[in-house]
Amino acid sequence: MQTGFAFLEAGSVRSKNTTNIIMKNVLDLFIGAIMYFAIGYSFAYGKPGNAFIGHNYFFATNMDEGGNTINLLLLLHLRSFNVSDKIIISNFTYAGWFFQYVFAATASTIVSGAMAERTEFTTYMVYFTFLTGFVYPVVAHWCWSEVGWLKVGMAHGLSYIDYAGSGVVHLTGGSAALVGAIALGPRIGRFKPDGTVNDLPGHTVTVAALGGFILFVGFMAFNGGSQLSISNPGDGNVVALSVMNTVLGGASGAIVAMLVYKTTDAIRGEDHYWSLLITINGGLAGMVSMCAGCNDMLPWAAVVIGTIAGLAFMGWHHLMLFCKIDDPLDAVAVHLGGGLAGVLLAPIFVMKGLTSPETQQHVGGIIYGGNYLAFQSFGWNLLGAVAIIGWTVAISTLLFGSMKLLGVLRVSEADELRGLDEIKHGEPAYPIKSYSDQSPPY
């Protein structure tokens, strides 16, 4: 996933900012690892915890107290080799840390794309640290921990449906990206004095497309791996269904976005093209929408949801331009648009859905079951989406707003015009000297 983001972002920015954006993607992994090790995982899954936030496990301490999801047969098997329960439990918790750390890094990486080409590098490190260590883990705790208020539900049998993070990961990242892009303001020259859009194309569609392909593959593990197990009966079927639905959702989102972009420009009498970048982002939006319920819906439903996600992506794409909000990667349209579609549509199309507390049977979704609990589930997911957006927007506004007031959020006009590679890193991605055929003097 991180490799895909790095290439997609690198290809979508101008050549003078390539090193800068790749450096941010590298640090997404490394800063994210330290912060999730220190406090992030503790806030998300630390036990004991309350409905709002977890605690314990700071700096990976006391992790041998967790591990409630361990398969009992596997636990007994390992015991036969005289392996202590504490070692077994801690090892499983370490594996869980790794998987969830990647989700945390993904949520925060989304923001760097929307704020590309004009953000102070030190400011980036501060906001990424905060998002990975606190903002995202709190949302993950609400939705995925055993005691989180969205997971538990206020009514008996009610629970938030979000299998692989349409809301937890993508709504969080997309909301923070929106606030960051608004706080920063558009890049110099992005909008003309009369308000019309001025295209500032990235320097290589080829590299951006490579990033898109890598992300398409990454989403297979992102969604398929969210089963968190492969050794229990039925795990393989769920993983296979998740992967198939992810592919179909991405395919329908890509095709719809491509067609809508082409036809809307034609209807307006403007130059109209088959856009590769729009197609890639439409595919990503479709896969984002699949995260919420890809494990529990028929393939035809994945096509429908992916189609709606493609439309949502195009709607957000045009809305951002209409509002003069500059997002070089269309990160908000992909992740906020696709994530919101997934969260709201999953309770409608799931096959099993929630379990009735009276009958202990699955009630299905609104289409397949029609049970009152399925309609309540839709309302609960809607409330979850509002809560995630509200929390992220509120904290991000304080974070980015304070940085803007201090004058440390955005680079100077001179630095932005020259490019951040040389100014901030001294390592331009395409140094002029490397293209010279003159040998250096010795």
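An unreviewed UniProt entry lists the chain under the name Ammonium transporter, with Ciona savignyi as the source organism. For the record of the chain, the UniProt heading Sequence similarities (unreviewed entry) holds the text "Belongs to the ammonia transporter channel (TC 1.A.11.2) family."

> Residues and numbers for the packing of helix α8 (residues 205–224) against helix α9 (residues 235–267), please.
The relative placement of two packed helices is expressed as an angle between their axes plus a distance between the axes. Contact pair α8 / α9: the axes reach a minimum separation of 9 Å and the direction vectors enclose 140°. With respect to α9, the element α8 is oriented oblique. Of the two elements, α8 crosses α9, and the hand of that crossing is right-handed. Taken together, the residues of α9 that come into contact with α8 (itself represented by Phe219, Met220, Asn223 and Gly224) are Val239, Ser242, Val243, Thr246 and Val247. Its residues placed into classes, the contact of α8 with α9 shows 5 nonpolar, 4 polar and no charged.

> Can you explain the side chain of Glu416? Please cite residues and give values.
Considering the arrangement of structural elements, one finds Glu416 in helix α14 (residues 413–418). Among the residues examined, Glu416 registers a relative accessible area of 2% and is labelled buried. At 2.8 Å, the side chain of Glu416 forms a polar contact with the side chain of Arg410. In contact with Glu416, other than residues within four places in its own chain, are Lys16, Glu117, Arg118, Arg187, Ile188, Arg410 and Val411.

> Tell me what's going on with the packing of aromatic side chains, and back it up with residues and numbers.
Scanning the entire structure with this criterion turns up 27 aromatic pairs. Aromatic side chains Tyr41 and Tyr45 sit 5.4 Å apart centroid to centroid with 45° between the ring planes, which places their arrangement in the tilted category. Within this pair, Tyr41 and its partner Tyr45 are both found in helix α2 (residues 18–45), separated by 4 residues, close to a single helical turn. For the residue pair Tyr41 and Tyr45, the accessibility class agrees, reading buried in each case. Centre to centre, the rings of Phe103 and Trp144 are 5.8 Å apart; their planes meet at 70°, and the pair counts as edge-to-face. Here Phe103, found in helix α4 (residues 85–114), pairs with Trp144, found in helix α5 (residues 121–144); they are 41 residues apart in sequence, far enough to count as distant. For the residue pair Phe103 and Trp144, the accessibility class agrees, reading buried in each case. Taken together, Phe43, Phe52, Phe58, Phe130, Phe134, Trp142, Trp149, Trp380 and Trp391 form an aromatic cluster joined through their ring pairs.

> Could you give me a rundown of the layout of surface pockets, with the residues and numbers involved?
Approximately 1,000 Å³ is the volume attributed to the second largest pocket. Lining the second largest pocket are 36 residues; nearest its centre among them are Arg190, Asp199, Tyr261, His317 and Leu321. Where the lining of the second largest pocket is concerned, the elements lending two or more residues are α1 (2–12), α8, α9, α10 (276–290) and α11 (299–322). Counting residues per element, the lining of the second largest pocket draws most heavily on α11, which supplies 5 residues. Considered class by class, the residues forming the lining of the second largest pocket number 16 nonpolar, 10 polar and 10 charged.

> Before we move on, could you go through the side chain of Asn245 and cite the residues and values that matter?
Mapped onto the elements of the fold, Asn245 is located in helix α9. Beyond its immediate stretch of four places on either side in the chain, Asn245 contacts Met290, Cys294, Met297, Leu298, Pro299 and Ala302.

> Before we move on, could you go through the confidence of the model for the chain and cite the residues and values that matter?
Parts of the model with low pLDDT should not have their predicted coordinates read in detail. Overall, the predicted model of the chain reaches an average pLDDT of 91, with 92% of residues at or above 70. Confidence drops under a pLDDT of 50 for residues 67–79, and excluding neighbours within four residues, the segment shows 17 contacts in the predicted structure.

> I'd love a proper account of a nonpolar patch on the surface, names of residues and values included.
Where nonpolar side chains cluster on the molecular surface, the patch consists of Leu298, Trp300, Val304, Ile308, Met351, Ile367 and Tyr368 and spans about 550 Å² of accessible area. The residue Leu298 is located in the loop between α10 and α11 in this model.

> I'd like to hear about the environment of Asp194, residue by residue, with values.
Tracing the sequence through the fold places Asp194 in the loop between α7 (166–184) and α8. For Asp194, a relative accessible area of 60% corresponds to the exposed category. Here the side chain of Asp194 touches Thr196 through a polar contact of 2.7 Å, side chain to side chain.

> A description of empty space enclosed by the protein should follow, citing residues and the corresponding values.
The final tally for this structure, using the stated rule, is 2 cavities of 30 Å³ or more. Each pocket or cavity is described by its volume, and for the largest cavity that value is around 80 Å³. Looking at the largest cavity, it is lined by 13 residues, and the ones nearest its centre are Phe5, Leu8, Leu329, Ala331 and His335. Those elements that provide at least two residues to the lining of the largest cavity are α1, α4, α10 and α12 (331–349). In terms of residue class, the lining of the largest cavity is built from 7 nonpolar, 4 polar and 2 charged. Its volume calculated, the second largest cavity comes out at about 30 Å³. Around the second largest cavity, the lining residues are Ala107, Ser108, Val111, Leu131, Tyr136, Thr172, Gly173 and Ala176. Only α4, α5 and α7 provide two or more residues apiece to the lining of the second largest cavity. A breakdown of the residues in the lining of the second largest cavity according to their chemical character gives 5 nonpolar, 3 polar and no charged.

> Lay out the pattern of salt bridges with the relevant residues and their values.
Summed over all chains, the structure comprises 10 salt bridges. In this structure, the salt-bridge partner of Arg410 is Glu416, at a minimum N-O distance of 2.8 Å. What makes Arg410 partly exposed here is its relative accessible area of 24%. Shared partners join several salt bridges into a network, and the residues in it are Arg14, Glu117, Arg187, Arg190 and Asp326.

Rules and cut-offs
Residues numbered from 1 in each chain as written. Predicted model: local features only at pLDDT ≥ 70, side-chain atom pairs only at ≥ 80, totals over all residues. Heavy atoms only, no water. UniProt positions renumbered as here; feature names shortened; annotations may be inferred. Axes fitted to C-alpha atoms, helices over the stretch in contact; angles between N-to-C directions. Helix = DSSP H or I, 4+ residues; strand = E, 2+ residues; numbered from the N terminus. Parallel < 35°, antiparallel > 145°, perpendicular 65-115°, else oblique. Left-handed = near helix turned anticlockwise from the far one by under 90°. Contact = heavy atoms within 4.5 Å. Nonpolar A, V, L, I, M, F, W, Y, C, P; charged D, E, K, R; others polar. Buried < 20%, exposed > 50% of the residue type's maximum accessible area, 1.4 Å probe, protein only. Polar contact = N/O pair within 3.5 Å; in protein donor to acceptor, adjacent residues only side chain to side chain. Phe/Tyr/Trp six-rings, centres within 6.5 Å; stacked < 30°, edge-to-face > 60°. 1 Å grid on protein atoms, 1.4 Å probe; cavity = no way out; pocket = protein on both sides within 12 Å on 5 of 7 lines; lining within 4 Å. Points joined across faces, edges and corners; volume = space filled by probe spheres on them. pLDDT = per-residue confidence, 0-100. Patch = residues over 30% accessible without salt bridge, like charges linked within 9 Å, V, L, I, M, F, W, Y side chains within 5 Å. Areas by Shrake-Rupley, 256 points an atom, 1.4 Å probe, with all protein chains shown as cover. Salt bridge = Lys/Arg side-chain N within 4 Å of Asp/Glu carboxyl O.

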